[in-house]
Amino acid sequence: MVSALSRKLGRDLVRLWSQAAAIALVLACGVAILLMSLGMFQALETTREAYYDRQRFADVFARATRAPRALMPEIAALPGVVAAEARVAGLVTLDLAGRSRPGMGQVLSLPAAGGPPRLNVPILAAGRLPDPEARDEVLVNAAFAKANGLRPGDRLIANLNGRKRDLAITGTALSPEFVYTLGPGALMPDNAGYGILWLPDRAAAAAFDLQGAFNDVSLALAGGADANAVIDALDRLLAPYGGTGAHGRDQQLSDAFVTAEIQQLKAMAWILPPVFFGISAFLVHMVLGRIVALERPVIGLLKALGYSNLAVAGHYLMLAALTAAAGILLGWGVGTWLSRALAELYAQFFDFPYLVWRAQPGPYAVAGLLGLAAASGGALQAAIAAGRLPPAEAMRPPAPPRYGRTLSDRLLAGAGLGQPAMMVWRGILRWPLRSGLTLLGLALAVAVMVAANFLDDALDKLIDIAFTQAARQDAALILAQEAPAIAVEEVRALPGVLMAEGQTSQPAILRHGPRERRIGIEARPPGADLARTVDAEGRPVALPPRGLLLSSRLADRLEAGPGDVIEAEFLTGRREIHRLPVAGIVEQYFGLGAYMQADALAALRREAPRIGAVNVALDPAAEAEFDAALKDIPALAGTVMLTQVRRSFEDTIAQNVVIMNTIYITVAVLITFGVTYNGARIQLSERARDLASLRILGFTRGEVSGILVGESLVLAVAAQPVGWAIGASIAGALAHGSQSDLYAVPVVLKPATFAAASLLVLAAAAGSALVVRRRLDRLDLVSVLKTRE
Amino acid sequence: MAETIYRTRGLSRVYATGAAAVRALDAVDLDVPAGEFVVLLGPSGSGKSTLLNILGGLDRATGGEAWFRDRSLTEMDEADLTRYRRDHVGFVFQFYNLVASLTARENVQLVTDIAADPMSPDEALGLVGLGPRVNHFPAELSGGEQQRVAIARAIAKRPEVLLCDEPTGALDSQTGVQVLDALAEVNARFATTCLVITHNAAIREMAHRVIRFQDGRVAEVEVNTTRRAASEIAW
Ligand SMILES: Nc1ncnc2c1ncn2[C@@H]1O[C@H](COP(=O)(O)OP(=O)(O)OP(=O)(O)O)[C@@H](O)[C@H]1O
Ligand SMILES: [Mg+2]
């Protein structure tokens, strides 16, 4: 049989359902976000680890121009290396049936002996590996095949180093190297336009004239091996053969993106849920404190009947725990749903063979326990107070609170306020802790909104600076080999080309003190107008005649500023080391960049200026002719259509921002409602007698409810500036937490953001205060005065 | 001669709150024989409730000693006092002190849930004549009925003592008589010792013994040779 105390618990919950629901909803937000970020974080990390392990993802990667195969035994013998594999790699243009625009392909060779490679092993999704002897068979990555509707047996045309070849697809595969498949110059994966092509060694070597040689090497290291030592040794071995600098997984593009995503989930898990848990704890504290105060006689009675202090404290703790349980269950539900949605989103960007988000007990337990801890933490003080209340004292009505004439009272009196206004201010000042916490709660609601809108503005700015100001070209043509600067004239002569500017990117290691970083130094002609360097406000910064411009994040990594001298070890040509002054800092949100004038670079290296890519502005009316012309240029490794990059970036961002904003607005309204509604309800219960007395004395409903609603609104208004400040720091923390070498989000806070946050929160506060006011209007004056409290 | 159920020697309770200390009980010596119906009278503030609270284990003395049978109440710790209240004492208060969200039966069940050898809630409610109202919430009962629920709750555990602090204080005379009848009935049937505080001097005619309080001291103890039934008392 259900005990009487449990029945009381159940009925109390039913009676308090609206307040309990407000708390449960806020708690649910925290649980859901924590569950999602923690669960997804764990799923990504374990999946990645298992995938890398099973497919033997390499630890060190390097490229060279042309290294003899005979070098391999020496590389494999480096201390710490357990496996080494050489490949032939190169970019090709693809002519895909049904696509007017040429696509781009990354060719990788399969081992000469046949069979799958020993490192970076692709998983066959369909079909078979190409025959090692075949010259026209190819394995492609599954995402590319799917996006283009290609199946084993279908054919595609590749422009292999100037020769058009008709290749038969034997199978599709997934590879640990291409979980996030980003083509050159792209910001988002474009599986239709960029594919991975595995060719038999013989065919690949023939296509790139690398018989008996390789230009790509991967190493697996023994556990505990010193990766930096191996990288240095590999660099030394490859230097004579045009090695462009070995690197670890941290600079492997695909892995870097997965790592960045994992890091972002972690940032989300640590920044947002504590806000919700804090507010839930505060709300429980406030509501339960009031209930215990109201139930003093019941507490005394229970003790008189022989219930122990523990049983009484447990009874009230249980009230909080059941509320928390409702919030946790809801949070688990919503979190599961969010996780599924996020897993689907990831499936669009990440090619894991089996990233299925499975409900793991760990994150559920952690999110649930933290939620429970927050509620219990909030309940603890009230529950302990209930447990400690001496029974004899509980039976007596509480002593009326002492309204002494404090300093604040004298100030208030001096202000010449009317009685109702006095009551509002007294109420606020008499419970400074509670008023302060209410204010903080509302401020957090404002902060959540500011942090949400910040992202919107930040991405607007990012798009404006990255595309409208910096990368303004319509397309970038990537040359198969570096060419004399004069080659730009040939591009200029192509149909539809309005402007053409050459540029080159030279791999180099930049050093400043103990810090170093492998980077591509981009060199452009002075006065380049299509690809520009810009400052944080988007104003173009001219390339200096001497020295380097560093992107701000690269400058941070190197701890270098204007005037400092950087040591640049070029990894191409004569491989000289030059000392270059930092001439200025520029803004670059994608990747880490270093820039200099093409003439200055050529002079430094004592070479004629060369270009590796050409940026063009296109006549929109002649795009078809331009596309057609591209398919017949043998020297072209690929084309990046920036118009398309821009569009897909904006679409993806727009979609994500809408989702994010909806979530954040819901959350802010919930917090505001939870805080204001509970606050006003508590005041109503505390001051019902006072307010009813005022009504009996002849005050109108409006005047009386003004006192009640007034307190909530005064606190809501005072919370705004605090909320702005907290919001700005949350925005900063989110931007900082999601920043990596790959990308960064600027912190942009506009007055409109603050205004919108305040408007929403004030409206929600006014709304919930009005709900309580309706209760006050229905207040039965006689019964209030008759009840003993 | 009946055994003594409560004995106090030099029992004192000083409240230190406020500017001056208040001597609510000032060295009270008292013996209460088991099975009696005892009435405590005295002016407001004379210390009646304070004494009852200490004897019931709700409050602690600041000096002197009190025994329940051979057990020293003044030496018990929190947990002992809780056990003592649970096992031996039934309380009835002036403001019925029912839990508003529980029905009459459930209010009684609060006690039967934790008592060692309780009667059933329905039986207890039947004893005070509330059999048909067991499923009513306090708000649906009159003041007298509520107080009878409180008595049912107090007797349901078959306590050895019933401590009643102004049980009729909030009731009209007729309802008060019903309540007192119920108490007298329990006293007679189960030989439960009853200590009843009242401001109504007429009630003393029901008692075996009348203890009069004045300024925190026992001013007078009077033993009745002839008792009257509650219904015979004129208010
Ligand atoms: N918590 C307390 N703090 C300070 N003084 C108290 C407290 N409780 C009781 N007193 C004082 O102790 C004295 C005795 O109080 P008690 O409640 O025992 O009186 P009483 O005889 O029951 O009075 P009444 O008939 O009015 O109920 C009174 O002077 C009272 O003011
Ligand atoms: Mg009293």
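Residues numbered from 1 in each chain as written. Chains lettered and ligands numbered in written order. Predicted model: local features only at pLDDT ≥ 70, side-chain atom pairs only at ≥ 80, totals over all residues. Heavy atoms only, no water.

K.L.:
Can you walk me through the overall build of chain A in this structure?
P.N.:
Of regular secondary structure, chain A possesses 22 helices and 20 strands. Principal-axis analysis of the C-alpha atoms places the extent of chain A at approximately 100 × 60 × 50 Å. Evaluated residue by residue, chain A yields a buried proportion of 56% over its 789 residues. For chain A, the share of sequence-separated contacts (at least 6 apart) that also reach a separation of at least 24 residues comes to 82%. When the accessible surface of chain A is split by element, carbon and sulfur atoms take 60% of a total near 32,400 Å². Charged side chains in chain A number 73 positive and 68 negative. The centres of these two groups are separated by 12 Å. (Helix = DSSP H or I, 4+ residues; strand = E, 2+ residues; numbered from the N terminus. Buried < 20%, exposed > 50% of the residue type's maximum accessible area, 1.4 Å probe, protein only. Contact = heavy atoms within 4.5 Å. Areas by Shrake-Rupley, 256 points an atom, 1.4 Å probe, with all protein chains shown as cover. Lys, Arg positive; Asp, Glu negative; His and termini not counted. Charge placed at Lys NZ, Arg CZ, Asp CG, Glu CD.)

K.L.:
Explanation requested: the overall build of chain B in the structure shown.
P.N.:
Each helix and strand in chain B was counted, giving 6 helices and 10 strands. Computed over C-alpha atoms, the radius of gyration of chain B comes to 17 Å, within 12% of the 18 Å expected from 2.2 N^0.38 for 235 residues, which places it in the range of a compact globule. Here chain B holds 235 residues, and 56% of them are scored as buried. In chain B, once contacts between residues fewer than 6 apart in sequence are set aside, the share between residues at least 24 apart is 68%. A total accessible area of about 9,500 Å² is found for chain B, and carbon and sulfur atoms account for 47% of it. (Rg over C-alpha atoms; globule rule 2.2 N^0.38 Å.)

K.L.:
Any chance you could explain the side chain of B:Arg148 here in plain terms?
P.N.:
All names here are of chain B. Position of arginine 148 relative to the elements: it lies in helix α5 (residues 143–155). Of the buried charged residues, arginine 148 lacks a salt bridge, with glutamate 145 as the closest side chain of opposite charge at 4.8 Å. When sequence neighbours within four positions are dropped, the list of residues in contact with arginine 148 reads Val128, Gly129, Leu130, Gln178 and Val179. (Salt bridge = Lys/Arg side-chain N within 4 Å of Asp/Glu carboxyl O.)

K.L.:
Looking at this structure, I do not really get the state of the cysteines. What am I missing?
P.N.:
Disulfides are covalent bonds that link the sulfur atoms of two cysteine residues. Residues and elements named next belong to chain B. Within the structure shown, the criterion is met by 0 disulfides over all chains. Free cysteine cysteine 164: the closest other cysteine sulfur is in cysteine 194, separated by 5.8 Å. Residue cysteine 164 is classed as buried on the basis of its relative accessible area of 0%. (Disulfide = S-S within 2.5 Å.)

K.L.:
Which parts of the structure should I look at to understand the interface of chain A and chain B?
P.N.:
For interface size, the figure often reported is the accessible area lost on association. Taken together, the contacts link 25 residues of chain A with 25 residues of chain B. Both faces combined, the contact of chain A with chain B buries some 2,200 Å², and carbon together with sulfur accounts for 60% of it. At the junction of chain A and chain B, the tally comes to 2 salt bridges. A salt bridge links A:Arg11 to B:Glu106; the shortest N-O distance between them is 2.5 Å. (Buried area = accessible area lost by both parts, 1.4 Å probe.)

K.L.:
Is there a simple way to think about the pattern of salt bridges in this case?
P.N.:
Where side chains of opposite charge bring their charged atoms close, a pairing between them can arise. Residue and element names in this part refer to chain A. The tally for this structure, following the rule as stated, stands at 43 salt bridges over all chains. For arginine 155, the salt bridge goes to aspartate 136, with nearest N and O atoms at 3.8 Å. Residue arginine 155 is located in strand β7 (residues 155–160), and its partner aspartate 136 is located in the loop between β5 (123–127) and β6 (137–141); the two are separated by 19 residues in the primary sequence. It is possible to trace a salt-bridge network through shared partners that takes in Lys8, Asp12, Arg15 and Glu295.

K.L.:
Got a minute to help me understand the nonpolar core in this structure?
P.N.:
One broad rule of soluble globular proteins: the nonpolar side chains tend to lie buried together. Core analysis: the biggest nonpolar cluster contains 194 residues, and A:Phe649, B:Tyr6 and B:Leu110 have the highest contact counts within it. Take this core: its biggest share by element is 23 residues, from helix α7 (residues 253–294) of chain A. With residues near it in sequence (within four places) discarded, B:Leu110 still touches A:Ala4, A:Leu5, A:Leu302, A:Leu305, A:Tyr307, B:Val99 and B:Leu102. Within the second largest apolar cluster, 36 residues are counted, among which are B:Val128, B:Cys164, B:Ala184 and B:Cys194. (Core = buried A, V, L, I, M, F, W, Y, C linked by side-chain atoms within 4.5 Å.)

K.L.:
Would you mind going over the site of ligand 1 with me for this structure?
P.N.:
Around ligand 1, the surrounding shell holds 15 residues, and the nearest of these are B:Ser44, B:Gly45, B:Lys48, B:Ser49 and B:Thr50. Two or more chains meet at ligand 1, and those chains are chains A and B. In the model, a nitrogen atom of ligand 1 is placed 3.5 Å from a nitrogen or oxygen of the B:Tyr15 side chain. Within the residue set of the shell around ligand 1, elements represented by two or more residues are β2 (22–33) and α1 (48–55) of chain B. Ranked by residues supplied to the shell around ligand 1, first place goes to α1(B) with 3 residues. For the shell around ligand 1, the per-class residue count stands at 4 nonpolar, 8 polar and 3 charged. (Near = heavy atom within 4 Å. Polar contact = N/O pair within 3.5 Å; in protein donor to acceptor, adjacent residues only side chain to side chain. Nonpolar A, V, L, I, M, F, W, Y, C, P; charged D, E, K, R; others polar.)

K.L.:
How should helix α1 (residues 4–15) of chain A be read in this particular structure?
P.N.:
Three- or four-residue spacings in an α-helix give side chains the same orientation, since the helix completes a turn every 3.6 residues. Here α1(A) is 12 residues long and its end C-alpha atoms lie 16 Å apart, about the 16 Å a rise of 1.5 Å per residue gives. Buried within α1(A) we find A:Ala4, A:Leu5, A:Lys8, A:Leu9 and A:Asp12. Buried residues along α1(A) cover an arc of 150 degrees about the axis, so they all sit on one side. In this fold, the buried residues of α1(A) make contact with α8 (296–304) and α9 (309–349) of chain A together with α3 (104–112) of chain B. (Expected span 1.5 Å × (residues − 1). Arc of directions from axis to C-beta.)

K.L.:
Teacher, can you tell me more about the pairing of strand β2 (residues 81–87) of chain A here?
P.N.:
Walk down a regular strand and you will see the side chains alternate between the two sheet faces. Residue and element names in this part refer to chain A. The buried fraction of β2 amounts to 6 of the 7 residues, a majority that puts the element mostly inside the structure. With 6 bridges joining them, β2 and strand β10 (residues 213–221) adopt antiparallel strand pairing. Its bridge partner being in β10, arginine 87 is matched across the sheet by aspartate 216. (Pairing = 2+ DSSP bridges.)

K.L.:
Help me understand the sheet that holds strand β3 (residues 37–41) of chain B, please; the structure alone is not making it clear to me.
P.N.:
Hydrogen bonds between backbone atoms are what pair the strands of a sheet, whose relative direction is either parallel or antiparallel. Residues and elements named next belong to chain B. Here 6 strands make up an open sheet; going across it, the order is β6-β7-β8-β3-β9-β10 and the pairing mixed. In this open sheet, the two edge strands, each paired with only one partner strand, are β6 (89–92) and β10 (217–223). For this sheet, the mean angle separating the axes of adjacent strands, direction not counted, is 15 degrees. Across 6 bridges, the pairing between strand β9 (residues 209–214) and β10 is antiparallel. Residue pairing for β10: valine 210 is matched across the bridge by glutamate 222. The sheet contacts of helix α2 (residues 78–88) involve β6 and β7 (161–165), and relative to β6 the element is tilted by about 80 degrees. Sheet strands touched by α5: β6 and β7. Its angle to β6, the strand with the most contacts, is close to 170 degrees. (Axes fitted to C-alpha atoms, helices over the stretch in contact; angles between N-to-C directions.)

K.L.:
Hey, could you run me through the domain arrangement of chain A in this one?
P.N.:
All names here are of chain A. Examined at the domain level, chain A breaks down into domain 1 (89–209), domain 2 (431–470 + 644–789) and domain 3 (497–618). A separation of 46 Å is found between the C-alpha centroids of domain 2 and domain 3. Between domain 2 and domain 3 lies a buried interface of about 1,300 Å² when both sides are counted; carbon and sulfur atoms form 53% of it. Where domain 2 packs against domain 3, one counts 0 salt bridges. Across the contact surface, domain 2 and domain 3 share 4 residue pairs in polar contact (both at pLDDT 80 or more). Element by element, the count of residues in the side of domain 2 that touches domain 3 is highest for helix α14 (residues 432–470), at 6 residues. Partitioning the side of domain 2 that touches domain 3 into residue classes produces 9 nonpolar, 3 polar and 2 charged. (Domains from an automatic or database assignment.)

K.L.:
Which parts of the structure should I look at to understand the environment of B:His208?
P.N.:
All names here are of chain B. Locating histidine 208 in the fold gives a position in the loop between β8 (193–197) and β9. A residue is classified by how much of its surface remains accessible, and histidine 208, at 22% relative accessible area, is partly exposed. Distance from histidine 208 to serine 142, taken between C-alpha atoms, is 30 Å for residues 66 residues apart in sequence. Filtering out sequence-adjacent residues up to four positions away, histidine 208 remains in contact with Gly35, Glu36, Phe37, Asn187, Glu222, Val223, Asn224 and Arg227. A distance of 2.7 Å separates a polar side-chain atom of histidine 208 from the backbone nitrogen of phenylalanine 37.

K.L.:
Where do I start with the packing of helix α20 (residues 701–737) of chain A against helix α21 (residues 751–777) of chain A in this structure?
P.N.:
Between two packed helices, what matters for the description is the angle formed by their axes and the separation of those axes. Residues and elements named next belong to chain A. Contact geometry of α20 with α21 gives a least axis separation of 9 Å together with a crossing angle of 155 degrees. Taken as axis vectors, α20 and α21 run roughly antiparallel relative to one another. Our pair here, α20 against α21, has a crossing hand that is right-handed. Contacts from Arg701, Gly702, Val704, Ser705, Leu708, Val709, Leu713, Ala716, Val717, Gln720 and Trp724 in α20 reach Phe754, Ser758, Val761, Leu762, Ala765, Ala766, Ala769, Val772, Arg773, Leu776 and Asp777 in α21. By residue class, the composition of the contact of α20 with α21 is 15 nonpolar, 4 polar and 3 charged. (Parallel < 35°, antiparallel > 145°, perpendicular 65-115°, else oblique. Left-handed = near helix turned anticlockwise from the far one by under 90°.)

K.L.:
Can you help me understand the pairing of strand β17 (residues 577–586) of chain A in this one?
P.N.:
All names here are of chain A. Summarising the sheet, strand β15 (residues 548–551) and β17 pair through 4 bridges and their orientation is parallel. Opposite leucine 550, over in β17, you have isoleucine 585 as the bridge partner. Two strands pair when backbone bridges link them, and strand β16 (residues 565–570) and β17 are joined in this way by 5 bridges, in the antiparallel orientation. Along β17, the bridge assignment pairs alanine 568 with histidine 578. With antiparallel pairing between neighbouring strands as the criterion, β16 and β17 make up a hairpin whose turn holds 6 residues, including glycine 573 at a positive phi of roughly 60 degrees.

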